[in-house]
Amino acid sequence: MDGKLVERARRELAGAEPQEILRWALERFQRIALSFSGAEDVVLVDMAVRIRPDVAVFSLDTGRLHPETYRFLERVREHYGIALEVLFPDAAEVEALVRERGLYSFYREGHKACCAVRKVAPLRRRLAGLDAWVTGQRRDQSPTRAAVPVVELDAAFSQPDRPLVKVNPLAEWSSAQVWAYIRAHDVPYNALHARGYVSIGCEPCTRPVLPHQHEREGRWWWEDAREKECGLHAGNLAANG
Ligand code: SF4
């Protein structure tokens, strides 16, 4: 799929519900997988298994997740009967990172080096075999995601000989719509949400937010808001302006 086809897909899918966008993607691409973060993007799993019960779903285990998130991943696996893939970082790379920088280097040096080893490298390996992937990005999540399109060519992970399409079915949904879906369909959710956590990532880099705070204020709170991407989506955001 090239840039022109992506443009056409965007026009066709303008104003479409997430389920329609997912159906379009799952019917169009055979080598496609859904990236599940262990948070409220579980709605995508719920929607996807109704369209394609054997949909490929993966999650990144950075080694630094909350115990609640590990339990939630297993609950989702059992609830939906899916073969949830859990991707791990390269052990030697993690050992080198910790040996050279320590276990909490992100507080001093920013999160990018740690995210590069624990998140981006395993993701890159998984995406190398795909034509498309599905994410739970939403425009209302942060200033850095305000321009997220429903379908895009992945500027960060496409290869010269293999374009990768990124599908963001929830781009136009609000947090309130996501939670209305979770309640209406009795979808399981991460226990941390009941304790004030909204956007959930790694344990050392996530904290609860107050009702008036934006959800991404609970992530990497010691850094500037414009830096709050882990590298999974940063390339696309730069490309989208
Ligand atoms: S979110 Fe924090 S702990 Fe997790 S990979 Fe990034 S810097 Fe490391």
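Refer to the structure printed above.
Computed from a prediction, not measured in an experiment: that's the story for all the values here. (Residues numbered from 1 in each chain as written. Predicted model: local features only at pLDDT ≥ 70, side-chain atom pairs only at ≥ 80, totals over all residues. Heavy atoms only, no water.)

Quick word on the overall build of the protein
And step 1. Helix and strand counts for the protein come out as nine helices and six strands.
And step 2. On C-alpha atoms alone, the protein measures out to a radius of gyration of 17 Å, which is about the 18 Å that the 2.2 N^0.38 rule sets for 241 residues.
And step 3. In terms of its C-alpha atoms, the protein occupies a principal-axis envelope of roughly 45 × 45 × 35 Å.
And step 4. Partitioning the intrachain contacts of the protein with sequence separation of at least 6 by distance along the chain shows that 69% fall at a separation of at least 24.
And step 5. Just so you have it, the protein exposes about 11,300 Å², and 51% of that area is on carbon and sulfur atoms.
And step 6. The average position of the 34 basic charges and that of the 34 acidic charges among the side chains of the protein differ by 1 Å. (Helix = DSSP H or I, 4+ residues; strand = E, 2+ residues; numbered from the N terminus. Rg over C-alpha atoms; globule rule 2.2 N^0.38 Å. Contact = heavy atoms within 4.5 Å. Areas by Shrake-Rupley, 256 points an atom, 1.4 Å probe, with all protein chains shown as cover. Lys, Arg positive; Asp, Glu negative; His and termini not counted. Charge placed at Lys NZ, Arg CZ, Asp CG, Glu CD.)

Let's talk about the packing of aromatic side chains
And step 1. One pass over the full model with this rule turns up 11 aromatic pairs.
And step 2. Seen from their ring centres, Trp24 and Phe29 are 6.0 Å apart, and the 80 degrees between their planes marks the pair as edge-to-face.
And step 3. Its relative accessible area of 14% is what places Trp24 among the buried residues.
And step 4. Aromatic rings pair up to connect Tyr104, Phe106, Tyr107, Trp221 and Trp222 into one cluster.
And step 5. Positioned above the aromatic ring of Tyr104 is the side chain of Arg64, whose terminal nitrogen or guanidinium carbon lies 4.9 Å from the ring centre.
And step 6. When the ring centre of Trp220 is taken as origin, the NZ or CZ atom of Arg219, which lies over that ring, is 4.9 Å away. (Phe/Tyr/Trp six-rings, centres within 6.5 Å; stacked < 30°, edge-to-face > 60°. Buried < 20%, exposed > 50% of the residue type's maximum accessible area, 1.4 Å probe, protein only. Lys NZ or Arg CZ within 6 Å of the ring centre and 35° of its normal.)

A closer look at helix H3 (residues 42-51)
And step 1. With eight of 10 residues buried, H3 is to be regarded as a mostly interior element.
And step 2. Residues Val42, Val43, Leu44, Val45, Asp46, Met47, Ala48 and Val49 constitute the buried set of H3.
And step 3. Where H3 is buried, its residues contact helix H2 (18-28), strand S1 (32-35), strand S2 (56-60), helix H4 (67-80), strand S4 (132-134) and helix H8 (175-184).

Considerations on the packing of helix H5 (residues 91-101) against helix H7 (residues 112-127)
And step 1. Packing of H5 against H7 brings their axes to within 10 Å, and their N-to-C directions diverge by 170 degrees. Our classification of the angle between H5 and H7 gives roughly antiparallel. Together, Glu93, Val94, Leu97, Val98 and Arg101 of H5 and Ala113, Cys114, Val117, Arg118 and Ala121 of H7 make up the contact between the two elements.
And step 2. Residues of the contact of H5 with H7, tallied by class, amount to seven nonpolar, no polar and three charged. (Axes fitted to C-alpha atoms, helices over the stretch in contact; angles between N-to-C directions. Parallel < 35°, antiparallel > 145°, perpendicular 65-115°, else oblique. Nonpolar A, V, L, I, M, F, W, Y, C, P; charged D, E, K, R; others polar.)

Looking at the pattern of salt bridges
And step 1. Scanning all chains against the criterion turns up 13 salt bridges.
And step 2. In this structure, Glu12 and Arg8 form a salt bridge, with 3.7 Å as the shortest nitrogen-oxygen distance. Separated by four residues within a single helix, Glu12 and Arg8 lie in helix H1 (residues 3-12), roughly one turn from each other.
And step 3. The class of Glu12 is exposed, set by a relative accessible area of 53%.
And step 4. Its salt-bridge partner being Arg139, residue Glu172 comes within 3.8 Å of it at the nearest N-O pair. Of this pair, Glu172 sits in the loop between strand S6 (165-167) and H8 while Arg139 sits in the loop between S4 and strand S5 (151-153), and the two are 33 residues apart along the sequence.
And step 5. Relative accessible area serves as the criterion here: at 40%, Glu172 is assigned to the partly exposed category. (Salt bridge = Lys/Arg side-chain N within 4 Å of Asp/Glu carboxyl O.)

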